[in-house]
Structure formats: C-alpha cells, structure tokens
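Each chain, letter by letter, is given below.
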Amino acid sequence: MISDPEAVAALERADALHTALTHIVLEGGDLAAIAEAVGDALGCGVVFTSTDGRERAAHLDEAQRAAMAGADLLDPTGRVRVERIDPEGTAVGKGEALVRRVVAAGVDLARLVALRPDGTIHSSDVQALERAAIVAALLVTRVEAITAVENKYRGDFLRDVFLDRAGEDEYVAEHAQAFGWHLDRPVMVVVAVLDPDAIASLAPDPEERRAWQDRFAHAWRQVSATVDATIASVAFSREVVTLVPVDPADPADAHVAVDRIIAAVRGDRGGGRIAFSAGVSRVSHGLGELPEAFRQAQRAVEIGRRVHGGGSVTRFDQLGLHRLLALVPDSSELTSFAADVLGPLAERTPEAADLRETLQVLLDTNFNVAEAARAQFFHYNTMRYRVGKLQRILGPVATDPHLRLDVAVALRALEIVG
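Just so it is clear, the structure is predicted and the values come from calculations on it, not from any experiment.

Participant: Outline the overall build of the chain, supporting the account with residue identities and numerical values.
Facilitator: Assigned secondary structure in the chain consists of 15 helices and 10 strands. Rg of the C-alpha trace for the chain: 28 Å, well past the compact-globule value of 22 Å for 418 residues, more than 25% over. Taking the principal axes of the C-alpha coordinates as reference, the chain spans close to 95 × 60 × 40 Å. Pairs at least 24 residues apart make up 61% of the contacts formed inside the chain by residues separated by at least 6 positions. Counting only carbon and sulfur atoms, one obtains 53% of the accessible surface of the chain, whose full area is about 20700 Å².

Structural data, given as structure tokens:
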C-alpha cells in the first residue's frame, strides 16, 4: 500500500487523466481537448506545438504565459522555444517546464510542453504526460491524413486558377468560398521557398525534406489565418503560395501585412526552422490578374535569391532593371546577350567573376578610378591596370555611354540567368 501522500495524489491525477483521455479518443476529440484534460487533471499548464514550437493548442492562463515569457521560452512572435526546454525539466521561476515529443511510427509530429510555475512536475505526472503524448500522436496522425488530402485538393484548384483553367470567374469565386477563401478581391501573391543552400547544408533524406516542407506550409497557413481567416495559402511541390488581401483605400497596409506574416513565419529561426526566401507580386485586382501575379512572385523570389542571396524578400515592383529582364521569356537570349557584350567576362570562372566585380564598382562610381580603388581596397595603379584590361576586352567602356549601358544591362542579365 502506498503511504506517500504526494505519490497517492499523483496516481489519482494519472487515473483521472486516463479516464479523460479514453473519453476523448472515443468521442473524436482534438488537441485542445487533450490539453484541457491534461491541464485539469495534473494541475499544470499545457501547450501542444509544432516540432519547431508554433502553438497548435493550449491550456494556459495569462500568468503561465507570463512565466514562460519571463524564462525566455517565448519568442517575440509567440513561438514556444521548445529547443530550450529540457525533457528532464527547465527552471521557470520557482517551478519548471518540460517537453515531450509527439511521435508516431518514428515520425516526429509535434511537441507537448507542460508547465508548473510554482513547483516541480512529479515523476508520476511525467508518465501521465507521456501517455497523453501517445494519444495526441494518434489524433495528429488522423488529422494530418485528412488535412493532406484536403490540402492537395486545394493546391490543385489554386494551381488551375494560376494556369487560367479553373473555369469562369463566378464559378472560381464560389468554389473558393467552399474552402473558406475570398479570391475575388485585390491581393498580393507571395511565393515562399526554402533556401536550397540551407537545405543542402543539412543533407536531409527525402522523408526529412518532405517533413520540413509540410511544417513550412503549415506555418504559413497558421500565421496567415491569424491575419485574415479567408486568406488562401497552399503548398505546391517546392513552394508555398499565399494571397494577402489589399485594401484599395490603403495599399501600403498590404506591404505591412506581408512583412508581418513573413516575420512571424521566420520567427527567430529556432527549433530547427530553415531559412527561406519570398517574392511578392504587384497588386492583382481580380481573378483574371492572378496568373500574371503568380508569375511575378515566382520571378521575384528567383531573382531575389540570385541577386541578394538566401533569406531575401523581393518585391517585383522593386526589381528595377531586373524586372524588365525578367519579362524576357527565353533565358538563353539573356545568356547570349551577356556573352556577346561581355565576351570572356561572361564565363563562369573565378577570374571572370573577379573582373566583373571590379567592372560593377567602376560603373557604380562612374569610372572614378580613385573612388573605385578605395571601394575595392586596391592601389590606384592596380585599378588603372584593371581599367586598361577591361577596355581591351570590352572596348572604350569608360568613355562610350552606349557601350556602358550595354555592359550594365549584360551584368544584370547574368545575375538573372545565374
């Protein structure tokens, strides 16, 4: 017979939780129901998150949230910093928090975080939390199987809209409303892509890559819904597409909304999140303009990554000359133009790349040799030698304004074609 009052109380809590979880499973409950059952039975705060800490369901009061924030376990976007919480317990004020993985068939699905700000979590309670994580895994697996089918159907429909083959505008608008979307309004199309270099550095297997893409898409859907529940956000094979609404009376507010969504998805990049780039279209004023807006966003993210590197956010309207070059349908024509103008400087060699960098600095400084030398930390005579070498290759680029224009455009063309 157990005589320890604390142990007896813990067993009673575990039994109450077992009964509650059984009812939840039989009645088809969700994560919110599990969080509430765990919180009530064990007398602690509970939050279910994605694997990178984005809240999915919680049973937390304001004091408990404040305690987590005070322990630096919440980032500015509200993401739970699950990577900072130890499975054996992390101090939170006078209490502690701990985390458990929600796993099914070896697949990492979510995180269960428990918080007791005024004391430690009893070992029997930990066992009860592990049982709750198992029940949560069953529910998450069921929900994700249904969601995957729904998302594929939604993605196929929106792809048809972008390919202008979804049907008449009236039908498209009605069909979108069945998904809870409002498409027939001014929007900006945002295309977001996980950065290939960031993925390559982690060398994932195909299953891990799919899990990252799914988590990325879920983050966009979840954050977008907090801004406007009628926002369409879907995942294609390698990109997530989101249609951010624009208020015709205040178009600038849409840029703020886009930045806010991107910042929330990006967070502090903790919890195993991967860097991504995004491209933003011009305003699409109706369904008929969505296909072109989608292409603009795709080109913006592609060019932005090449010109500015990974993690960039590029707006089509801000591409400058790149915007005009991006409208050339045949990229081989851009390559050919660059080769004709730049000659050997268009080659993919370290020496050619080095000379192109010097050439761009000279163009930026209006061929002021002294200023260009300072910008590249060269001796003045070294820069003069380089100017001579460039003119032997290109012609009188320092004095011929027409040739200089061609050279500047050719350098931008090379940035686009990579």
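Participant: Please provide a residue-by-residue account of the sheet that holds strand E4 (residues 95–104), values included.
Facilitator: Here 5 strands make up an open sheet; going across it, the order is E2-E1-E5-E4-E3 and the pairing antiparallel. Each edge of the open sheet is held by one strand with a lone partner, namely strand E2 (55–59) and strand E3 (90–92). Strand-to-strand, the axes of this sheet are offset by a mean angle of 25°, without reference to chain direction. Looking at chain direction, strand E1 (residues 45–49) and strand E5 (residues 107–116) are connected through 5 bridges and run antiparallel. Bridge assignment links Val-47 to a residue of E5, and that residue is Val-113.

Participant: Can you break down the nonpolar core residue by residue, with the values?
Facilitator: The tendency in soluble globular proteins is for nonpolar side chains to be buried side by side. Core analysis: the biggest nonpolar cluster contains 34 residues, and Leu-342, Leu-345, Leu-359, Leu-362, Met-383, Leu-394 and Val-407 have the highest contact counts within it. Broken down by secondary-structure element, the contributors of at least two residues to this core are helix H9 (290–308), helix H11 (331–342), helix H12 (350–364), helix H13 (369–375), helix H14 (380–394) and helix H15 (401–417). If you tally residues by element for this core, the top one is H15, at 9 residues. Excluding its chain neighbours within four sequence positions, the residues that come into contact with Leu-342 are Leu-359, Ile-393, Leu-394, Val-407, Ala-410, Leu-411 and Leu-414.

Participant: Just give me the short version of the pattern of salt bridges, but keep the residues and values in it.
Facilitator: All told, the structure shown has 18 salt bridges when counted by the stated rule. Here Glu-55 and Arg-65 are joined by a salt bridge, their closest N and O atoms 3.0 Å apart. Here Arg-65 lies in helix H3 (residues 62–70) and Glu-55 lies in strand E2, a separation of 10 residues in the sequence. By relative accessible area, Glu-55 is classed as partly exposed at 26%. Looking at Arg-65, the relative accessible area reads 26%, which means it is partly exposed. Between Glu-83 and Arg-79 there is a salt bridge; the shortest N-O distance is 3.0 Å. On the basis of relative accessibility, which here comes to 41%, the residue Glu-83 falls in the partly exposed class. Classification of Arg-79 as buried rests on a relative accessible area of 1%.

Participant: I'd like to hear about the pairing of E5, residue by residue, with values.
Facilitator: Looking down a regular strand, the side chains alternate between one sheet face and the other. Counting buried positions over the 10 residues of E5 gives 8, a clear majority of the element. Pairing of E4 with E5, which is carried by 9 bridges, proceeds in the antiparallel orientation. Each bridged residue has a counterpart across the sheet, and for Val-99 the counterpart in E5 is Val-113. Hairpin connection of E4 to E5: 2 residues between the antiparallel strands, including Ala-105 at a positive phi of 55°.

Participant: Break down the sheet that holds strand E10 (residues 313–315) for me, with residues and values.
Facilitator: Read across the sheet, 5 strands follow the order E7-E8-E6-E9-E10 without closing on themselves; strand pairing throughout is mixed. Each end of this open sheet is capped by a strand with a single partner; those strands are strand E7 (233–235) and E10. Across this sheet, the average inter-strand angle for adjacent strands is 20°, counted without regard to direction. Two elements, strand E6 (residues 187–194) and strand E9 (residues 276–284), share 7 bridges in a ladder whose sense is antiparallel. Bridge assignment links Ala-192 to a residue of E9, and that residue is Ala-278.

About the criteria used
Residues numbered from 1 in each chain as written. Predicted model: local features only at pLDDT ≥ 70, side-chain atom pairs only at ≥ 80, totals over all residues. Heavy atoms only, no water. Helix = DSSP H or I, 4+ residues; strand = E, 2+ residues; numbered from the N terminus. Rg over C-alpha atoms; globule rule 2.2 N^0.38 Å. Contact = heavy atoms within 4.5 Å. Areas by Shrake-Rupley, 256 points an atom, 1.4 Å probe, with all protein chains shown as cover. Pairing = 2+ DSSP bridges. Axes fitted to C-alpha atoms, helices over the stretch in contact; angles between N-to-C directions. Core = buried A, V, L, I, M, F, W, Y, C linked by side-chain atoms within 4.5 Å. Buried < 20%, exposed > 50% of the residue type's maximum accessible area, 1.4 Å probe, protein only. Salt bridge = Lys/Arg side-chain N within 4 Å of Asp/Glu carboxyl O.

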